[in-house]
Amino acid sequence: MIRFTLREMFLLALAACAPHLFCAQVPALPKTVSRQPDGIEARLPDGYLHLQVCGDSILHVVYSPQHEIPARVDFILARTTWAPVAFRLDATDSNTLALATAKLKVLVDLTDGSLTFQDASGQTIAYDHAHTLQPVVVNGEKTFRAERFASMWRSKEALYGLGQHQAGVWNYRGEAVDLSQINTNIAMPMVLSSNGYGILWNNGSHSRFNNRLTHAFYLSSEMADAVDYFFLFGPEFDTIIGSYRQLTGDAPLFPKWAYGYWQSKNRYASQQEILGVARRYREQRIPLDAIVQDFRWWNKQGDPSFNKSYPDPKEMIDELHKNNVHLMISVWPYFEPGSPAYEQMEDRRFFIDRTAAPGFFPIGTALYDPFNPEARACYWQLLDQGLFSIGVDAWWMDTTEPDSEGQESNVLASHQVALGNGARYANEFPVAATSAVYEGQRRATGQKRVFILSRSGYAGVQRNAAAVWSGDVNPDWETFRRQIPAGLNLSVSGIPYWTTDIGGFLAANPDDPAYRELYVRWFEFGAFCPIFRAHGTRTTNQNEIWSYGPEAQEILTNYDRLRYRLMPYIYSLAWKITSEGYTMMRPLVMDFRTDVRAQNTGDEYMLGPDFLVAPVTEPGASSKHIYFPEAKWFDFWTGRTFAGARALDVAAPLATLPLMVRAGSILPLGPDEEFADARPADPLELRVYPGADGDFVLYEDEGDSYNYENGVYATTRFHWNDSRRMLTIEDRRGRFAHMTEARTIHVVLVRENHGAGGKPTSKPDLTATYNGRKLTLELKDHN
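First, a word on what this report is: a plain description of the structure on this page. (Residues numbered from 1 in each chain as written. Predicted model: local features only at pLDDT ≥ 70, side-chain atom pairs only at ≥ 80, totals over all residues. Heavy atoms only, no water.)

Counting its regular elements, the protein contains 14 helices and 48 strands. Against the globule reference of 28 Å for 783 residues, the protein gives a C-alpha radius of gyration of 27 Å, in line with a compact fold. Across its three principal axes, the protein shows a C-alpha extent of roughly 85 × 75 × 50 Å. Buried residues in the protein amount to 61% of all 783 residues. Pairs at least 24 apart in sequence give 70% of the contacts found in the protein among residues at least 6 apart. Put simply, the protein shows about 29300 Å² of open surface, and 49% of that area lies on carbon and sulfur atoms. Of the side chains in the protein, 75 bear a positive and 92 a negative charge, and the two mean positions are spaced by 4 Å. (Helix = DSSP H or I, 4+ residues; strand = E, 2+ residues; numbered from the N terminus. Rg over C-alpha atoms; globule rule 2.2 N^0.38 Å. Buried < 20%, exposed > 50% of the residue type's maximum accessible area, 1.4 Å probe, protein only. Contact = heavy atoms within 4.5 Å. Areas by Shrake-Rupley, 256 points an atom, 1.4 Å probe, with all protein chains shown as cover. Lys, Arg positive; Asp, Glu negative; His and termini not counted. Charge placed at Lys NZ, Arg CZ, Asp CG, Glu CD.)

Shown next, in the form of structure tokens:
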């Protein structure tokens, strides 16, 4: 009989309970490797490799020429410390080390620092073959050009993300992308692979993705102290994007009204004009939640005081609020000489540079430095005193790249900022700029949520309550077509809120029948974007829903009304973004990652879990060729069903945006409303799409405060059991002020010509009163 000492029994028990901790102490590590509480440091022939375990699925990889890496402030990461994560180290031989968590394993070649990433089963998902740090001088500073290289000869993976770009490319395999900020292009240092991983490139300088040779994958930056990135394992994209948000910050909830319709044009020129447009929307009972004041409302740029065309701004805003319309106002990071605001900034040396040649900005117009915390506080103080204090609701932060002023390179690349060399932080300007407003308003009040619309963004901008838009795009079909892959790649880059100038920004004629067709199709698409907003320059100086003729007005109004009926669905998705790191606008690869055709489909997408959206982007089209991934699908407009894993031509006359709903969906629809906060969703129509089990969680709260951060909200879970034809409405969880205690629920079992289209279903299959207590409802098939 084998006998054990007490110590041996303890060690055996420890090994059985936590083998990852026990085994981690067993192997003798090579002398060039030192174990750290959160990873390892390895001395290589030409530098040092640091691997930090930030989570089961998150690994921080840093290769540096020196052991110590300079500590620098930046605006990318929201956190730098992590809860302890169990990991195992194994030295398979003198030159190879394996580091493994419960979900991810990396093999380290100690002769050159190359890495092989594997999933828990040992399947290789990615490589990192070489790190290069080339000495260079950038903007007068000695530094390094950083480059990561991976061979892809044996891989067929597709690559996505990198922000928003206008070349019409969806899958970036075989492409190269310049990662620098400029109007209509938003750089994001985030790339995702259909193999189930992502890379967050932790660098704020001008960078580049290069896969022109499809077998060679390069990421590089012009200025760095180290090759520095986070490897994010999924394998599903939701997990990868969730890890990105853990690193760079969660996206707060916008006020509920921000998910409604935004009316804008270039530009409203007076208080009288703004109020007249808002009144007409209410008189015609066309849904509206916000109107936008574009530039040149000021006396001098940067000075937050209205010019004489707005004789009483507070009275204007008060009347808008009385009509349940919110105001967003255009603010810029530039200051024109001759105003008190300019003098205040100038006296405190808060400017980066001034324009030297005439252009959009007068000579001498100064760009302020948001990398300076005192300058950010001063900027917010100006907005607070001049605008927020009189009721302005939202901030349109234009030219946050910042504007290149006719130069190819970013103005920061050749200037200094408060943190040092501007070239080091060139891509981070939009994050710093939006943080001034977000942090300022959060300090001012917790009762009014922040909404920012920024023309640019970078990693972390979502934590500042910032949506982005696609910039000053052209009003033509090719540009419209390119917005879809641009928005989808931005979404998987981690920024959840995106919109476009519906109809394009540059001049177009609403009386031109050809342009009316384009505008209608773009508007249909806009109704199914995370933010629903019209804007642009029009030759008639009209860009309202009634500006495009009676036929177009009817179509546009119908989609506007549908957006509001979908508010319970959209607002619940917004909560998933905040609470789960979810993505609302979802390329097919997010939900069908291993489907090769879905991987390469960039002209249709899912909006949340239920809708497949297939915008029509060809003039004169009366049908749309749609790929249906593996599932049963319902035509939203007719209730007709389609089998998946095939492509079909589907009818799409001008008034019809092809919309499909996946079987198993439980779609909550509210009543017809003219603004988002008109009343709680009562009655609530629940459309059940049979053919699979399904779940949905309805989210509700006060609508425009941060009390939700303290648990002041309510959720209601719905479950559909398809085989039993049973809908269960669980106990409501949570409470908030003025919550609807009981509501009428109309349940509709969707079939052809029943429960179809945007209008309320006239004859629901079942009606029940829900008072917050569990309900189980049995539905009968109607064949």
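Looking now at the sheet that holds strand 11 (residues 141–151). The strand order 10-11-17-16-13 describes an open sheet built from 5 strands, whose pairing is antiparallel. One side of each edge strand has no neighbouring strand; the edge strands of this open sheet are strand 10 (130–138) and strand 13 (176–179). Strand-to-strand twist across the sheet, computed as the mean angle between neighbouring axes with direction ignored, equals 15°. Here 9 bridges tie strand 10 to strand 11, and the two strands are oriented antiparallel to one another. Bridging across to strand 11, Thr 132 finds its partner in Glu 147. (Pairing = 2+ DSSP bridges. Axes fitted to C-alpha atoms, helices over the stretch in contact; angles between N-to-C directions.)

Okay, the sheet that holds strand 33 (residues 605–607) next. One open sheet holds the 6 strands; their spatial order is 32-33-34-39-36-37, and the pairing between them is antiparallel. Here the strands that pair on one side only, and so sit at the sheet edges, are strand 32 (585–587) and strand 37 (641–643). Geometrically, the sheet is characterised by an average inter-axis angle of 35° between neighbouring strands, direction not taken into account.

Further remarks concern the packing of helix 4 (residues 271–283) against helix 5 (residues 313–322). The interhelical angle for the contact between helix 4 and helix 5, taken along N-to-C directions, is 5°, at an axis separation of 10 Å. With respect to each other, helix 4 and helix 5 are oriented roughly parallel. Contact residues: helix 4 offers Gln 271, Ile 274, Leu 275, Ala 278 and Arg 279, while helix 5 offers Pro 313, Glu 315, Met 316, Glu 319 and Leu 320. Broken down by class, the residue content of the contact of helix 4 with helix 5 amounts to 6 nonpolar, 1 polar and 3 charged. (Parallel < 35°, antiparallel > 145°, perpendicular 65-115°, else oblique. Nonpolar A, V, L, I, M, F, W, Y, C, P; charged D, E, K, R; others polar.)

To continue, consider unusual backbone geometry. Peptide bonds are trans in most cases, and residues, glycine excluded, mostly fall at negative phi. In the segment running from Asn 266 into Arg 267, the intervening peptide bond is cis, with an omega of -5°. Here Arg 267 lies in the loop between strand 19 (261–263) and helix 4. Of the consecutive residues Glu 401 and Pro 402, the connecting peptide bond is found in the cis state with omega at 0°. Its place among the elements puts Pro 402 in the loop between strand 25 (394–397) and strand 26 (416–417). The phi angle at Ala 645 is positive, at roughly 60°, despite the residue not being glycine. Within the secondary structure layout, Ala 645 lies in the loop between strand 37 and strand 38 (646–651). Ala 645 gets classed as partly exposed once you look at its relative accessible area, which sits at 46%. Positive phi, normally seen in glycine, also occurs at Asn 753, with a value near 65°. You can see Asn 753 is positioned in the loop between strand 46 (743–749) and strand 47 (766–770).

Let us now look at the side chain of Arg 743. Inspection of the secondary structure puts Arg 743 in strand 46. Among the polar contacts made by the side chain of Arg 743, one reaches the side chain of Glu 700 at a distance of 2.5 Å. Not counting residues within four places of it along the chain, the set of residues in contact with Arg 743 comprises Ala 681, Asp 682, Leu 684, Leu 698, Glu 700, Ala 768, Thr 769 and Tyr 770. (Polar contact = N/O pair within 3.5 Å; in protein donor to acceptor, adjacent residues only side chain to side chain.)

With that out of the way, let us pick up the nonpolar core. In a soluble, globular protein the nonpolar side chains are often hidden away together inside. Counting residues in hydrophobic clusters, the biggest one holds 237 residues, and the most contacted among them are Phe 231, Trp 395, Phe 528 and Phe 611. Ranked by residue count, the leading element in this core is helix 12 (residues 567–580), at 8 residues. Once residues lying within four places of it in the same chain are set aside, the contact partners of Trp 395 are Met 328, Ile 329, Val 331, Trp 380, Leu 383, Leu 387, Phe 388, Val 437, Gln 441, Phe 451, Ile 452 and Leu 453. (Core = buried A, V, L, I, M, F, W, Y, C linked by side-chain atoms within 4.5 Å.)

Keep in mind these numbers describe shape, not what the thing actually does.
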